[in-house]
Amino acid sequence: MSDFKVEMINDGMHEFYVHFKGPSDSPYHGGAWRIRVELPDAYPYKSPSIGFVNKIYHPNVDEMSGSVCLDVINQTWSPMFDLVNVFEVFLPQLLLYPNPSDPLNGEAAALMMRDRTAYDQRVKEYCEKYAKPGDLGAAPEEQSSDEEMSEDEYDSSDEAVAGPVDP
């Protein structure tokens, strides 16, 4: 694929990450996502599994799992399509033209239909918080979420129960 960085998962050729940037002329511009791609054994006759690893605010992307609701991938896939189509056409189109009438993220869909300006602002906030291009270098396990507490914030009494660690 032309300008995409690809990271292999394990030793096989069936699972990998692709670094994907938000399209210009969209509130996703400036954001960068790691997309997990899993190719089934029957690929290209069966569609790939595509999911966002870092969070994105979008009506057609499940916020927790990163699963993508896109007809061309999920229902109307053809062996004529390939991964270049996915990353150069299908995903950019999904971000440019969300479909709030078929949501995986109902809250994003409702906000988009009710107040497009507030929706665009929330998208930009998510991009700044979860989709910084510099963060793509870290492995998914290394990326922390705001919901996790740091060691300083976590008040554990394990040391008091177990005693100090032997050097």
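Going by the annotation in an unreviewed UniProt entry, the name recorded for the protein chain is E2 ubiquitin-conjugating enzyme, with Actinidia rufa given as the source organism. The record held by UniProt for the protein chain lists under Function (unreviewed entry) the comment "Accepts the ubiquitin from the E1 complex and catalyzes its covalent attachment to other proteins." The Sequence similarities (unreviewed entry) field of the UniProt record for the protein chain holds the comment "Belongs to the ubiquitin-conjugating enzyme family."

Within this structure, the stated rule accounts for five salt bridges. A salt bridge links Arg36 to Glu15, with the shortest nitrogen-to-oxygen separation between them at 2.2 Å. You can see Arg36 sitting in strand E3 (residues 32-38) and its partner Glu15 sitting in strand E2 (residues 15-21), a full 21 residues away along the chain. Note on Glu15: relative accessible area 25%, which makes it partly exposed. The partner of Asp120 in a salt bridge is Arg116, with the nearest N and O atoms 3.1 Å apart. Placement of both Asp120 and Arg116 in helix H4 (residues 116-130) is noted, with a separation of four residues, approximately one turn of the helix. For Arg116, a relative accessible area of 37% puts it in the partly exposed group.

Rules of the game
Residues numbered from 1 in each chain as written. Predicted model: local features only at pLDDT ≥ 70, side-chain atom pairs only at ≥ 80, totals over all residues. Heavy atoms only, no water. UniProt positions renumbered as here; feature names shortened; annotations may be inferred. Salt bridge = Lys/Arg side-chain N within 4 Å of Asp/Glu carboxyl O. Helix = DSSP H or I, 4+ residues; strand = E, 2+ residues; numbered from the N terminus. Buried < 20%, exposed > 50% of the residue type's maximum accessible area, 1.4 Å probe, protein only.

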